[in-house]
Amino acid sequence: MTHSDPISKAYSPNALGKLQFYCLIAAGALELLFMILGSLFNYVAYYYVETYLIVPCAAFFALSLLSKVPSHARKSIFLCLAMVVWFMVTQTAQRAQGMQTKIISMFFCTYLLAFPYASVTEDSARQRGLKWITGIYIAVSLVLCVYASMLYFGLLPDWFHNEVRWDGARLLALWHPNICACLFMIGIALCLGLFFSCRKPYGKALLIFACAVQFLFLALTNCRTSILMTCALIGGIFFFGVYRGGWLRAVLLAFLALLLMLGLFILSGTLYEANETALIEKYASHLESEDSEQAPAVSAPSGSVTIPVKMDSQTGEVTLESVNGQGSFMSDLKTLNGRTTIWQSALNALRDNKRILLFGTEYVGTSISYYNPFPVVHGHNSWVEITFRMGLLGLIFALGFTWIGLRSAVTLIFDPKTDMWKKSISMLTLCVMVAGALEPFLFSADISYHFLDFFFFICLGYLNTWYHQRKESSGA
């Protein structure tokens, strides 16, 4: 068969690579639709994601079978296939027990497209796929900033108040402050990573400005984990971006980085408290004068929505009520805002229901809540969540992906030959893993936050590929 053969041209590596790239863009477009619209317009974004995300995934996987891929890419495909097969086994077993099973589109797209993309397409050098996904997630973070600005200045349309609102004084978007906080963290890290590769001064200035705006609204979510991780990430990028060798310089830069982290964390708390005070002052005048025991919460108007506020009958102190309540940073530090109690209850549930360790369950929140002093909807930890959903074997697979992320990210961060863009992606991946230790963001590809899973596995695939290339080059 000659190179002029049309069949040979149709299945050439370049043609396959382009088609695979279009599959990634189609998946990214659906994720963009979901993150921008949320549950607006009668959950239309839910429908398209649940129904059509499987299409680019299936097309990509079919094209992967036609591609000639390197050995580490074959290992990635095998690992993901094993995870998907076990997912189908657990879903079948749960269905046999009368449970309602999950939609497969998000799970398949995470494992059969996002993770193997970099290695299958050999896009580690050009990074065309990663750059497009970077653009999508920066755009989402900035759109959230626009939404938050409209909320802050009272310009948000009435029909949008269920999507973006104040939960107490916390900025809430995409159903929970912790979710939008994680997206802000991703946007900041990506902008800082691009800063080092941008050659034009005005481009660098725009990226720093974008980081500042995103950090402002990240502070208003009062999500302490994402804020801490963002401060650590900024400090780490500062350190590795400036460091050029020498132990004395390293000590000095480490000290400056710690000061920068501490200053940013204190600044975030100051910004949040200022916003809380402003909201209380704005709505305190609308409080009714009933006794607080008779009327523990009074609705103060904010456009066409209500903000729950209450006044202490003895002190007269006005506070904002939050659905996702928080204590102070120090009071929540001991139990991680109740998470240690949830994890102990999860262990008790697994101890008394060992069959969950075999095939998992769809009723994670119900299983844990039976042992917990307050009801929960999930395990508040990605590794706990995947154990409940897919049993012990699912946890083993998740730990395998965790090891890939830790090994690759740490190696690349401390490799002096690694450029700052790759170091930024490495540090961001580690920070997302920390966020996943307190929320079920990773591995299970749940409908509410599957876009975080999708981004995490895209980065994980590139890190794994860069790690193997570094290993091969050092071995040579």
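Note: the structure precedes this text.
These lines cover the structure that appears in this document, whether it is placed above or below. (Residues numbered from 1 in each chain as written. Predicted model: local features only at pLDDT ≥ 70, side-chain atom pairs only at ≥ 80, totals over all residues. Heavy atoms only, no water.)

A closer look at the overall build of the chain
Heads up, the rule is: Numbering of helices and strands runs from the N terminus, with a helix taken as a DSSP run of H or I at least four residues long and a strand as a DSSP run of E at least two residues long. Residue contacts follow a heavy-atom distance rule, with two residues in contact if any of their heavy atoms lie within 4.5 Å. Reported accessibility uses the Shrake-Rupley method at a 1.4 Å probe radius. Residues are deemed covered only where the shown protein chains occlude them.
The helix and strand inventory of the chain stands at 19 helices and five strands. Of the contacts made within the chain by residues no fewer than 6 positions apart, 71% connect residues no fewer than 24 positions apart. Counting only carbon and sulfur atoms, one obtains 65% of the accessible surface of the chain, whose full area is about 22200 Å².

Brief notes about the packing of helix α8 (residues 128-152) against helix α9 (residues 177-197)
Put simply, the rule reads: The angle between two axes is taken between their N-to-C directions and runs from 0 to 180 degrees, where each axis is a line fitted to C-alpha atoms and a helix contributes only its stretch in contact. Between 65 and 115 degrees an angle is taken as roughly perpendicular, under 35 as roughly parallel, over 145 as roughly antiparallel, and anywhere else as oblique. Rotating anticlockwise by less than a right angle from the far helix to the near helix defines a left-handed crossing, while the corresponding clockwise rotation defines a right-handed one. Under the scheme applied here, ten amino acids are nonpolar (Ala, Val, Leu, Ile, Met, Phe, Trp, Tyr, Cys and Pro), four are charged (Asp, Glu, Lys and Arg), and all others, including Gly, are polar.
Where α8 contacts α9, the two axes come as close as 9 Å, and the packing angle between them is 125 degrees. What the angle tells us is that α8 and α9 run oblique. Where α8 crosses over α9, the two elements pack in a sense that is left-handed. Counting all contacts with α8, which are made through T134, Y137, I138, V140, S141, L144 and C145, the residues of α9 involved are C180, L183, F184, I186, G187, L190, C191 and L194. Counted by class, the contact of α8 with α9 contains twelve nonpolar, three polar and no charged residues.

Concerning the pairing of strand β2 (residues 170-173)
To keep it simple, the criterion reads: Residue burial is assigned from relative accessible area. The probe radius is 1.4 Å, only protein chains are included, and a residue is buried under 20% of its type maximum, exposed over 50%, and partly exposed in between. Strand pairing is assigned whenever DSSP detects at least two bridges linking the two strands.
Neither face of β2 is open: one carries R170 and L172, the other L171 and A173, and all of them are buried. Looking at chain direction, strand β1 (residues 164-167) and β2 are connected through four bridges and run antiparallel. Counterpart to V164 in the pairing with β2 is A173. Linkage of β1 to β2, two consecutive antiparallel strands, is achieved through a turn of two residues, within which G168 is found at a positive phi near 70 degrees.

Let's talk about helix α6 (residues 104-114)
Burial analysis of α6 places ten of its eleven residues in the buried class, which makes it a mostly covered element. All buried positions along α6 are accounted for by S105, M106, F107, F108, C109, T110, Y111, L112, L113 and A114.

Examining the packing of aromatic side chains
Condition: A pair of Phe, Tyr and Trp rings is counted when the ring centres sit within 6.5 Å of each other, with Trp represented by its six-membered ring. The angle between the planes then sorts it: under 30 degrees is stacked, over 60 is edge-to-face, the rest tilted.
According to the stated counting rule, one finds 35 aromatic pairs in the structure shown. Ring centres of Y137 and F455 lie 4.9 Å apart, and the angle between their planes is 45 degrees; on these two criteria the pair is classed as tilted. Residue Y137 is located in helix α8, and its partner F455 is located in helix α19 (residues 450-475); the two are separated by 318 residues in the primary sequence. In this structure, Y137 and F455 share a single accessibility class: buried.

Remarks on a nonpolar patch on the surface
In plain terms, the rule: Here, patches come from residues exposed beyond 30% relative accessible area and free of salt bridges, joined within 9 Å for like charges and within 5 Å for nonpolar side chains (Val, Leu, Ile, Met, Phe, Trp, Tyr). Think of a salt bridge as a Lys or Arg side-chain nitrogen and an Asp or Glu carboxyl oxygen that are within 4 Å of each other.
On the surface, Y47, Y48, Y52 and V55 cluster together into a nonpolar patch covering about 390 Å² of accessible area. With respect to the helices and strands, the residue Y47 is situated in helix α3 (residues 40-52).

Overview of the state of the cysteines
The following threshold applies: Disulfides are defined as cysteine sulfur pairs within 2.5 Å.
In the structure shown here, the tally under the stated rule is zero disulfides. As a non-bridged cysteine, C145 has C191 as the owner of its nearest cysteine sulfur, 9.3 Å distant. The exposure class assigned to C145 is buried, which follows from its relative accessible area of 3%. Free of any disulfide, C182 has its nearest neighbouring cysteine sulfur in C223, separated by 7.8 Å.

Focus: the environment of A27
In this structure, A27 sits in helix α2 (residues 13-37). Owing to a relative accessible area of 0%, A27 belongs among the buried residues under this scheme. C-alpha of A27 to C-alpha of I133: the two residues are 106 residues apart in sequence and 9.8 Å apart in space. When residues no more than four places from it in sequence are discounted, the contact partners of A27 are L53, P56, C109, L113 and F454.

Some remarks on the pattern of salt bridges
Applying the stated rule across the entire model yields six salt bridges. R389 is the partner of E362 in a salt bridge, and the nearest nitrogen-oxygen pair spans 3.5 Å. Note that E362 is positioned in the loop between α15 (356-359) and α16 (364-369) and R389 in helix α17 (residues 382-413), a separation of 27 residues in sequence. Close ionic contact of D446 with R389 constitutes a salt bridge, the shortest N to O distance being 3.4 Å. Placement of D446 in the loop between α18 (420-436) and α19 and of R389 in helix α17 is noted, with a sequence separation of 57 residues between them. Both residues of the pair, D446 and R389, belong to the buried class. Taken together, the shared-partner salt bridges connect E362, E385, R389 and D446 into one network.

Overview of α8
What counts here: Multiply 1.5 Å by the residue count of a helix minus one, and that product is the helix's expected span.
Helix length check: α8 (25 residues) gives 36 Å between terminal C-alpha atoms against 36 Å at 1.5 Å per residue, within 8%. Taken from the residues just after α8, G154 is the one with a positive phi, measuring 70 degrees.

Thoughts on the nonpolar core
Defined as follows: Among the buried residues, those of types Ala, Val, Leu, Ile, Met, Phe, Trp, Tyr and Cys that are joined through side-chain atoms within 4.5 Å form a nonpolar core.
Membership of the largest hydrophobic core comes to 132 residues, with the highest contact counts inside it found for Y137 and F443. Ranked by residues supplied to this core, first place goes to α9 with 13 residues. Every residue in contact with Y137, bar those within four places of it in the chain, is listed here: E31, M35, L183, I186, L190, F451, F454 and F455. Judged by nonpolar contacts, the second largest core, of ten residues, contains I342, I368, V376 and V384.

Here's the deal with the environment of I179
Position of I179 among the secondary structure elements: in helix α9. Note on I179: relative accessible area 5%, which makes it buried. The spacing of I179 and S448 is 269 residues in sequence and 9.0 Å in space, taken between C-alpha atoms. Discounting residues that sit within four places of it in the chain, I179 has contacts with L174, F441, S448, Y449 and F451.

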